[in-house]
Amino acid sequence: MNNKKLENKYVATSMAREDQAVFDFLVTLKKGMTYEWLEAGAGLGRFAFLVKNESPKNLKANIVCLEINKKLVDHLEKTGLQTINESVQRMSFNDETFDLVHASHLIEHFSYPTIIDVLDELFRVTKKNGYVIIRSPLMYSGFWNDIDHVRPYPPKCILQYFDHAQQQRGGQSKIRLIHSWLRQEAITLNSPNWPGFLSWPINWLLKSLWIATGYPRDRANGYVAVFQKI
């Protein structure tokens with residue numbers, strides 16, 4: 001396998017394992033129900049399609065996509081996904097509309113205090129005892145490679161906003177963390193002291209082992225967190 005094919009498989013494997021962390025939670029939900037699902041910041045609709053077409057057999061979902069980019073909205077509508085062209089900061093949905101809200105790689109694009117408006121909105125539109133699933137990066141060497149990344153918000157930071165009195169503003173909902181998963185990708189050799197002819201085969205081997213076994217793993221660089229509105 002050449003380096004490009006390996007890198008593509010590595011990225012795809014990482015995304016699939018992150019997706020699986022969400023599906024592992026979804027299989028625990030009550031069977032026989034139809035869930036109202038909001039895909040917040042839907043992008044190209046990749047995960048919305050997975051839920052629609054490949055989700056666990058027990059999960060039936062009416063999916064609504066929310067996307068601020070009009071070109072992406074046009075794409076989503078052409079694929080048949082119900083889509084609303086709005087900002088997550090101010091959604092037109094009524095309070096407690098959705099059983100499940102999924103926000104994947106969304107919150108890291110907002111600064112304070114905008115982020116607290118976003119979090120309040122995500123939970124405002126979630127039904128009592130419903131769930132907000134947040135997927136987001138933690139701080140790591142590649143965090144700033146996306147020009148619109150602002151800062152990471154780990155799960156503890158989100159919990160503190162909704163439960164800590166000594167802040168500029170407190171959260172508008174009561175929540176709890178019920179499930180979390182850390183994304184740990186392959187250890188790679190990045191030292192400039194190693195010549196390329198040595199680091200390339202070592203990193204190729206490390207990534208190949210990680211794809212096959214999940215090891216050796218580096219420190220966490222992202223997470224999936226499931227919060228329940230109580």
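Structure report, in brief. Everything quoted here is computed from the prediction, not taken from an experiment. (Residues numbered from 1 in each chain as written. Predicted model: local features only at pLDDT ≥ 70, side-chain atom pairs only at ≥ 80, totals over all residues. Heavy atoms only, no water.)

A few words on the packing of helix α4 (residues 114-124) against helix α5 (residues 155-163). How two helices sit against one another is set out by the angle between their axes and by the gap between those axes. Between α4 and α5, whose axes approach to 11 Å, the crossing angle comes to 80 degrees. Our classification of the angle between α4 and α5 gives roughly perpendicular. Note on element contacts: α5 touches α4 through Ile158, Tyr161 and Phe162, opposite Ile116, Leu119, Asp120 and Phe123. Grouping the constituent residues of the contact of α4 with α5 by class yields six nonpolar, no polar and one charged. (Axes fitted to C-alpha atoms, helices over the stretch in contact; angles between N-to-C directions. Helix = DSSP H or I, 4+ residues; strand = E, 2+ residues; numbered from the N terminus. Parallel < 35°, antiparallel > 145°, perpendicular 65-115°, else oblique. Contact = heavy atoms within 4.5 Å. Nonpolar A, V, L, I, M, F, W, Y, C, P; charged D, E, K, R; others polar.)

Counting buried residues in strand β4 (residues 98-104) gives seven out of seven residues, a clear majority hidden from the surface. Taken together, the four bridges between strand β1 (residues 34-40) and β4 define a ladder with parallel strand orientation. The residue bridging Glu39 from the neighbouring strand is His102, located in β4. Bridge count for β4 against strand β5 (residues 126-137) is six bridges, and the pairing is parallel. Paired with Ser104 across the two strands is Arg135, which belongs to β5. Following the backbone out of β4, through α4 and into the adjacent parallel β5, one traces a crossover that is right-handed. (Buried < 20%, exposed > 50% of the residue type's maximum accessible area, 1.4 Å probe, protein only. Pairing = 2+ DSSP bridges. Right-handed = clockwise from strand over helix to strand, strands pointing away.)

The next point concerns helix α2 (residues 46-54). Three or more residues of α2 are buried, namely Phe47, Ala48, Leu50 and Val51. An end-on view of α2 places all buried positions within 160 degrees of arc, on one side of the element. Exposed side chains of α2 directed beyond 90 degrees from the buried face belong to Asn53 and Glu54. Residues of α2 that are buried sit in contact with α1 (3-26), β1, β2 (60-66), β4 and β5. (Arc of directions from axis to C-beta.)

As summarised here, the arrangement of the seven strands in space is β3-β2-β1-β4-β5-β7-β6, forming an open sheet in which the pairing is mixed. Because the sheet does not close on itself, it has two edges, and the strands there are β3 (82-84) and β6 (175-183). With direction set aside, neighbouring strand axes in the sheet form an average angle of 20 degrees. The pairing of β2 with β3 spans three bridges and is parallel. Looking across to β3, one finds that Val64 is bridged to Gln82. Seen against the sheet, α4 touches β1, β4, β5, β6 and β7 (222-229) and runs at an angle of roughly 140 degrees to β5.

For the rest of this paragraph, the subject is unusual backbone geometry. Keep in mind that most residues, glycine aside, have a negative phi and that most peptide bonds are trans. Cis geometry is found at the peptide bond from Tyr112 to Pro113, where omega equals 10 degrees. Structurally, Pro113 is set in the loop between β4 and α4. In this model, Tyr215 is joined to Pro216 through a cis peptide bond whose omega is -5 degrees. Mapped onto the elements of the fold, Pro216 is located in the loop between α6 (196-213) and β7. A positive phi angle, close to 55 degrees, is found at Glu96, a residue other than glycine. Mapped onto the elements of the fold, Glu96 is located in the loop between β3 and β4. Note on Glu96: relative accessible area 41%, which makes it partly exposed.

Before going further, it helps to examine the pattern of salt bridges. Once their charged atoms are close, side chains differing in charge can pair, the charge on each being opposite to the other. Throughout the structure, instances matching the rule amount to 13 salt bridges. Notably, a salt bridge pairs Asp74 with Lys70, separated by 2.6 Å at the nearest N-O pair. Here Lys70 and Asp74 lie together in helix α3 (residues 70-78), a separation of four residues that amounts to about one turn. One salt bridge in this structure joins Lys229 and Glu96, with 3.8 Å as the shortest N-O distance. Of the two residues, Lys229 is situated in strand β7 and Glu96 in the loop between β3 and β4; the sequence distance between them amounts to 133 residues. Here Lys229 falls in the buried class, since its relative accessible area comes to 9%. (Salt bridge = Lys/Arg side-chain N within 4 Å of Asp/Glu carboxyl O.)

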